[in-house]
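# Topology and contacts: notes
For reference, the chains in residue letters:
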Amino acid sequence: MSSINYSVIVPAFRENGNIRPLVTRIFGALSQVNSPVNPAEVEVIIVDDNSRDGSVETVDSLRREGYNVRIIVRTTERGLSSAVVRGFREALGDNMLCMDADLQHPPEYVPAMLASMSPSKQFALGTRYAKGVQIDEGWPLYRRVISNGARMLALPLTSASDPMSGFFGIRKETFLKARQLNSDGFKIALDLLVKCNIPNEAIAEVPFSFGVRAEGESKLTGKVMLRYLEQLAELYWYRFSGLIVFAALLLFIVFVLLARAMLSSYGGLDGNAQSKY
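Notes on the structure follow. Just so you know, these numbers come straight off a predicted model, no measurement behind them.

The subject of this paragraph is the packing of aromatic side chains. Summed over the entire model, instances satisfying the criterion amount to seven aromatic pairs. Here the aromatic rings of Phe-88 and Phe-168 are separated by 6.1 Å at their centres, their planes lie at 90 degrees, and the arrangement is edge-to-face. Of this pair, Phe-88 sits in helix α3 (residues 80–90) while Phe-168 sits in strand β6 (residues 168–171); the two residues are 80 residues apart in sequence, bridging distant segments of the chain. Of the two residues, Phe-88 and Phe-168, both sit in the buried class. Ring geometry for Tyr-236 and Phe-240: centres 5.9 Å apart, planes at 40 degrees, overall tilted. Of this pair, Tyr-236 and Phe-240 both sit in helix α8 (residues 222–275), four residues apart, which is roughly one turn of that helix. Taking relative accessible area as the criterion, Phe-240 reaches 21% and is therefore assigned partly exposed.

Further remarks concern unusual backbone geometry. The phi torsion at Leu-103 lies on the positive side, around 70 degrees, for a residue other than glycine. Relative accessible area serves as the criterion here: at 12%, Leu-103 is assigned to the buried category. With a phi close to 60 degrees, Gln-180 is a non-glycine residue in the positive phi region. Assignment of secondary structure puts Gln-180 in the loop between α6 (172–175) and α7 (188–195). Owing to a relative accessible area of 60%, Gln-180 belongs among the exposed residues under this scheme.

All right, on to the side chain of His-105 then. Here His-105 is to be found in the loop between β4 (95–98) and α4 (110–115). His-105 gets classed as buried once you look at its relative accessible area, which sits at 2%. Side-chain polar atoms of His-105 contact the backbone nitrogen of Asp-100, separated by 2.9 Å.

Relative to the elements of secondary structure, Glu-15 occurs in the loop between β1 (6–12) and α1 (16–30). As a C-alpha pair, Glu-15 and Asp-100 span 85 residues in sequence and 9.8 Å in three-dimensional space.

This paragraph deals with the pattern of salt bridges. This structure, assessed with the given rule, holds 11 salt bridges. With its nearest N and O atoms 2.8 Å apart, the salt bridge here joins Arg-74 to Asp-49. Of this pair, Arg-74 sits in the loop between β3 (69–73) and α3 while Asp-49 sits in the loop between β2 (42–48) and α2 (55–64), and the two are 25 residues apart along the sequence. For the salt bridge of Arg-86 with Glu-77, the shortest nitrogen-to-oxygen distance reads 3.7 Å. Shared partners join several salt bridges into a network, and the residues in it are Asp-49, Arg-74, Glu-77, Arg-86 and Glu-90.

Where burial is concerned, most of β1 is hidden: seven out of the seven residues are buried. The alternating pattern of β1 places Tyr-6, Val-8, Val-10 and Ala-12 on one face and Ser-7, Ile-9 and Pro-11 on the opposite face, and all of these are buried. Sheet topology places β1 next to β2; seven bridges connect them, and they run parallel. The residue bridging Tyr-6 from the neighbouring strand is Val-42, located in β2. The handedness of the β1 to β2 crossover, carried by α1, is right-handed.

Take the nonpolar core next. Membership of the largest hydrophobic core comes to 30 residues, with the highest contact counts inside it found for Val-8, Val-44, Ile-46 and Leu-114. Residue assignment for this core shows that the elements contributing at least two residues are β1, α1, β2, α2, β3 and α4. It is α1 that contributes the most residues to this core, six residues altogether. Not counting residues within four places of it along the chain, the set of residues in contact with Val-44 comprises Val-8, Val-10, Val-23, Ile-26, Phe-27, Asn-68, Val-69 and Arg-70. Ile-45, Val-84, Phe-123 and Leu-125 belong to the second-largest nonpolar core, a separate cluster that totals 26 residues.

For the pair α1 and α2, interaxial distance at closest approach is 9 Å and the crossing angle is 20 degrees. Compared by their axis directions, α1 and α2 come out roughly parallel. In terms of crossing hand, the pair formed by α1 and α2 is right-handed. Contacts between α1 and α2 involve Asn-16, Ile-19, Arg-20, Val-23 and Thr-24 on the former and, on the latter, Ser-55, Thr-58, Val-59, Ser-61 and Leu-62. Residue composition of the contact of α1 with α2, grouped by class: four nonpolar, five polar and one charged.

Before going further, it helps to spend a moment on the environment of Pro-156. Tracing the backbone through its elements, the reader meets Pro-156 in the loop between α5 (141–154) and β6. Taking the C-alpha atoms as reference points, Pro-156 and Arg-239, separated by 83 residues in sequence, lie 9.5 Å from one another. Filtering out sequence-adjacent residues up to four positions away, Pro-156 remains in contact with Tyr-236 and Phe-240.

Each value, and the rule that gives it
Residue positions within a chain follow its written sequence, with the count starting from 1. Totals for whole chains, interfaces and linings use every residue, but because this is a predicted model, local features are given only for residues with pLDDT of at least 70 and side-chain atom pairs only at 80 or more, for both listing and counting. Think of the side-chain values as coming from all heavy atoms in the structure, minus any hydrogens and water. To pair, rings of Phe, Tyr and Trp, with the six-membered ring standing in for Trp, must have centres within 6.5 Å; the planes then decide the type, stacked if under 30 degrees apart, edge-to-face if over 60, and tilted in the middle. Runs of E in the DSSP output that reach at least two residues are strands. Runs of H or I that reach at least four are helices, and both are numbered from the N terminus. Here's how the labels work: a residue is buried when its accessible area is under 20% of the maximum for its type, exposed when over 50%, partly exposed in between, all with a 1.4 Å probe on protein chains only. In protein, a polar contact means a hydrogen-donor-capable atom and an acceptor-capable atom, both N or O and within 3.5 Å, with residues adjacent in sequence counting only if both atoms are side-chain atoms; elsewhere, any N or O pair within 3.5 Å suffices. Any carboxyl oxygen of Asp or Glu within 4 Å of a side-chain nitrogen of Lys or Arg constitutes a salt bridge here. Any two strands with at least two DSSP-identified bridges between them are counted as paired. Crossover handedness is defined by viewing with both strands directed away from the observer: a clockwise path from the first strand over the helix to the second marks the crossover as right-handed. Take the buried residues of types Ala, Val, Leu, Ile, Met, Phe, Trp, Tyr and Cys, join any two whose side-chain atoms come within 4.5 Å, and each joined set is a nonpolar core. Note on contacts: a residue pair qualifies if any of its non-hydrogen atoms lie within 4.5 Å across the two residues. For helices, the axis comes from a line fit to the C-alpha atoms of the stretch in contact; other axes are also lines fit to C-alpha atoms, and the angle between any two N-to-C directions lies between 0 and 180 degrees. Put simply, angles under 35 degrees are roughly parallel, angles over 145 are roughly antiparallel, angles from 65 to 115 are roughly perpendicular, and the rest are oblique. Left-handed describes a crossing whose near helix is turned anticlockwise from the far helix by less than a right angle; the clockwise case is right-handed. Classes in brief: Ala, Val, Leu, Ile, Met, Phe, Trp, Tyr, Cys and Pro nonpolar; Asp, Glu, Lys and Arg charged; the others, Gly included, polar.

Purely geometric numbers; function is a separate question.
Right under this line is the structure:
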């Protein structure tokens, strides 16, 4: 039996309708003659937030059919980012990939994403913004605007073309270096890029065409967007806190010097005025 070198992590909540097509398409793509990855070296981990929608039974059925998939059901935790972190921690493979359960991340790109990771490429990023990539026409305009706006706000933090992407991979040893991960954050990929201090040359970008949700409901809400802004503030402080403190100290020193100069100037004027009498 081949050892597991690759782990595909799928955070899920009420995604039972998507699990079977997702898993079968992943292993179907890996089984193609031109696949750069051996399917026997891959596991799929569904991290489910206690959906109670039949997901456990679906995974059990897939396992009986020979698919290397397992499910972790969380009963005391909630949230996408913490689900991804849990999956990464329990993964057997040294190369770990995160993707959505809703089929917006086409499973046919999984082999290329997994193969793009190596000791010199610590992070694999599925990007929707490479030349020639098309986003499905069914994706609403407001979602495109939100995605582009969120990407622009993150530019000072990373040079990656699509840090908002939920389709990404990371090497196990790089993940284990992360400190102070925000498990409540909206975008775990951005958090990892910043807190693992991954240089641009260590990022392998894989263009992919973003699809529309096949089953279930979107998790994007106003509350989620607010949490993203909170995450950005935390990341800006994490990355630039030293510069912020230095700038504040510099402004304070400048203020003190200006205040002393002004006081000296007024003191000189008062002395001249008094000497006339």
